[in-house]
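# Topology and contacts: notes
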Amino acid sequence: MRAAEGAAHDYSASADRPGSVPFTSAPLVLREFEKGGHQLHWLVQQETALEETLLCVSGALRVLEELLSAD
């Protein structure tokens, strides 16, 4: 986020809208939400790839253990 985007808004509560966020920040919040969704998707893909790699390594270790125990 650029400093100018966050600094231009007053996020404090006002008398007419206690605890509210100005409507002008909605696009910014939506962009951040979308970025978070993309990041989550990427992390899930990485997790899946790591699980597949670990399964391959585990299988290779079992094969090696069996080969070593056969000698």
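Please refer to the structure placed before this passage.
For every chain, the first residue of its written sequence is number 1, and the numbers climb from 1 along that sequence. Per-residue local features are limited, in this predicted model, to residues with pLDDT of at least 70; the limit for side-chain atom pairs, both in listing and counting, is 80 or more; totals at the level of whole chains, interfaces and linings are taken over all residues. Derived side-chain values reflect all non-hydrogen atoms in the structure, with water molecules and hydrogen atoms excluded from consideration.

### Thoughts on the overall build of the protein chain
- Helix and strand assignments come from DSSP, with helices taken as H or I runs of at least 4 residues and strands as E runs of at least 2, each series counted from the N terminus. Scanning the protein chain from terminus to terminus reveals 2 helices and 0 strands.
- The buried share among the 71 residues of the protein chain stands at 7%.
- For accessible areas, the Shrake-Rupley method is used with a probe of radius 1.4 Å. Any residue's cover is judged against the shown protein chains and nothing else. A total of about 6,300 Å² of accessible surface is found on the protein chain, and carbon and sulfur atoms cover 66% of it. Summary of the burial criterion: residues with accessible area below 20% of their type's maximum are buried, those above 50% are exposed, and those between are partly exposed, where the area comes from a 1.4 Å probe applied to protein chains only.

### Some points on the pattern of salt bridges
- Salt bridges are defined by distance alone: a side-chain nitrogen of Lys or Arg within 4 Å of a carboxyl oxygen of Asp or Glu. Summed over the entire model, instances satisfying the criterion amount to 1 salt bridge.
- A salt bridge links lysine 35 to glutamate 32; its shortest N-O distance comes to 3.1 Å. With lysine 35 and glutamate 32 both in helix H2 (residues 26–70) and 3 residues apart, this pair spans about one turn of that helix.
- Lysine 35 gets classed as partly exposed once you look at its relative accessible area, which sits at 46%.
- The class for glutamate 32 is partly exposed, based on a relative accessible area of 35%.

### Observations concerning a nonpolar patch on the surface
- What goes into a patch is any residue over 30% in relative accessible area without a salt bridge, connected to like charges within 9 Å or, for nonpolar side chains (Val, Leu, Ile, Met, Phe, Trp, Tyr), within 5 Å. A cluster of nonpolar side chains, contributed by Val57, Leu61, Val63, Leu64 and Leu67, occupies part of the molecular surface with about 450 Å² of accessible area.
- Structurally, leucine 61 can be placed in helix H2.

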